[in-house]
Amino acid sequence: MLKPLRQGLPPLDPAAVSDAASCALPARYEAVREARHFTRRTLDQWDVGDRFDDICLVVSELVTNALRHAVPADQVCADERNPSVRLHLMRWTGRLVCAVRDPSHETPVPRDSDDFSAESGRGLFLVDSFADSWGWHPLAGTLDGKVVWALFRLHTAG
């Protein structure tokens, strides 16, 4: 059902990026709402209406997962001056990537749950359902942690 987790982004020409935006998110749960608002504003500016709801849902899930599973519990609601989660949005002509960077080296693991009435535990299932593809990869160089990303195909005019 879910694709293999550790995979890099599909080949995308960095020179062909038409738009990019990012925001630092504090380690507090209100950051999920901030990420949704940032995504809505950015997608409005980019006129990406055909996948608007799907993208906002996936951003919410990726940020929630980062805060719940990747940020140490003692950092949540602690130091807002040193954000440990960052949201990146990048748009090409026919594709958009949402990427959430966090400080953890832990593999994102989908939960096996037959309880579809549960209020949590289905984040990666939703990401898999609404995005065209997704994956994660560890950061390299001076950056620490990992990036979990979701790719969306955009309908282009013509």
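Computed from a prediction, not measured in an experiment: that's the story for all the values here.

## Thoughts on the side chain of threonine 64
No. 1: Positionally, threonine 64 belongs in helix α2 (residues 52–70).
No. 2: In terms of polar contacts, threonine 64 uses its side chain to reach the backbone carbonyl oxygen of serine 60, at 2.7 Å.

## Notes on helix α1 (residues 31–46)
No. 1: With 16 residues, α1 should cover 22 Å at 1.5 Å per step; its first-to-last C-alpha distance of 22 Å lies within 8% of that length.
No. 2: Where α1 is buried, its residues contact β1 (19–25), α2, β2 (85–91) and β3 (95–102).
No. 3: Positive backbone phi, approximately 55°, marks aspartate 47, located one or two places after α1.

## Things to note about the packing of α1 against α2
No. 1: Where α1 contacts α2, the axes come no closer than 9 Å and their chain directions differ by 150°. The orientation of α1 with respect to α2, classified from their angle, is roughly antiparallel. By crossing handedness, the relation of α1 to α2 is classed as right-handed. On the side of α1, the interface is formed by Ala31, Val32, Ala35, Arg36, Thr39, Arg40, Leu43 and Asp44, while α2 contributes Phe52, Ile55, Cys56, Val59, Ser60, Val63, Thr64 and Leu67.
No. 2: Counted by class, the contact of α1 with α2 contains 10 nonpolar, 3 polar and 3 charged residues.

## What about the side chain of threonine 42?
No. 1: Structurally, the position occupied by threonine 42 is in helix α1.
No. 2: Judged by its relative accessible area of 5%, threonine 42 is buried.
No. 3: Every residue in contact with threonine 42, bar those within four places of it in the chain, is listed here: Ala21 and Leu89.

## Here's the deal with the pattern of salt bridges
No. 1: Counted by the stated rule, this structure contains 7 salt bridges.
No. 2: As a salt-bridge pair, glutamate 34 and arginine 28 come within 3.0 Å of each other at their nearest N and O atoms.
No. 3: Among the residues examined, glutamate 34 registers a relative accessible area of 27% and is labelled partly exposed.
No. 4: Its salt-bridge partner being aspartate 132, residue arginine 51 comes within 2.8 Å of it at the nearest N-O pair. With arginine 51 in the loop between α1 and α2 and aspartate 132 in the loop between α3 (123–130) and β4 (133–138), the pair connects residues that are 81 residues apart, well separated along the chain.
No. 5: Taking the relative accessible area as the measure of exposure, arginine 51 reaches 10% and is therefore buried.
No. 6: Several salt bridges converge on common partners, so that one network encompasses Arg51, Asp54, Asp132 and Arg153.

## Digging into α3
No. 1: Those residues of α3 not exposed but buried are Gly123, Leu124, Val127 and Asp128. What you see down the axis of α3 is that its buried residues fit within an arc of 135°, all on one side.
No. 2: Lining the buried residues of α3 we find α2, β4 and β5 (146–153).

## Quick look at the confidence of the model for the protein chain
No. 1: Across the protein chain, pLDDT averages 81, with 73% of residues at or above 70.
No. 2: Taking the mean pLDDT of every element in the protein chain, the minimum, 90, falls on α3 and the maximum, 95, on α1.

## Digging into the sheet that holds β1
No. 1: Ordered in space as β1-β2-β3-β5-β4, the 5 strands form an open sheet in which the pairing is antiparallel. Bordering the open sheet on either side are β1 and β4, each of which pairs with just one other strand. The sheet shows a mean angle of 15° between the axes of neighbouring strands, direction not considered.
No. 2: Sheet analysis places β3 next to β5, joined by 8 bridges and oriented antiparallel. Paired with arginine 95 across the two strands is arginine 153, which belongs to β5.

Cut-offs used in this document
Residues numbered from 1 in each chain as written. Predicted model: local features only at pLDDT ≥ 70, side-chain atom pairs only at ≥ 80, totals over all residues. Heavy atoms only, no water. Helix = DSSP H or I, 4+ residues; strand = E, 2+ residues; numbered from the N terminus. Polar contact = N/O pair within 3.5 Å; in protein donor to acceptor, adjacent residues only side chain to side chain. Expected span 1.5 Å × (residues − 1). Contact = heavy atoms within 4.5 Å. Axes fitted to C-alpha atoms, helices over the stretch in contact; angles between N-to-C directions. Parallel < 35°, antiparallel > 145°, perpendicular 65-115°, else oblique. Left-handed = near helix turned anticlockwise from the far one by under 90°. Nonpolar A, V, L, I, M, F, W, Y, C, P; charged D, E, K, R; others polar. Buried < 20%, exposed > 50% of the residue type's maximum accessible area, 1.4 Å probe, protein only. Salt bridge = Lys/Arg side-chain N within 4 Å of Asp/Glu carboxyl O. Arc of directions from axis to C-beta. pLDDT = per-residue confidence, 0-100. Pairing = 2+ DSSP bridges.

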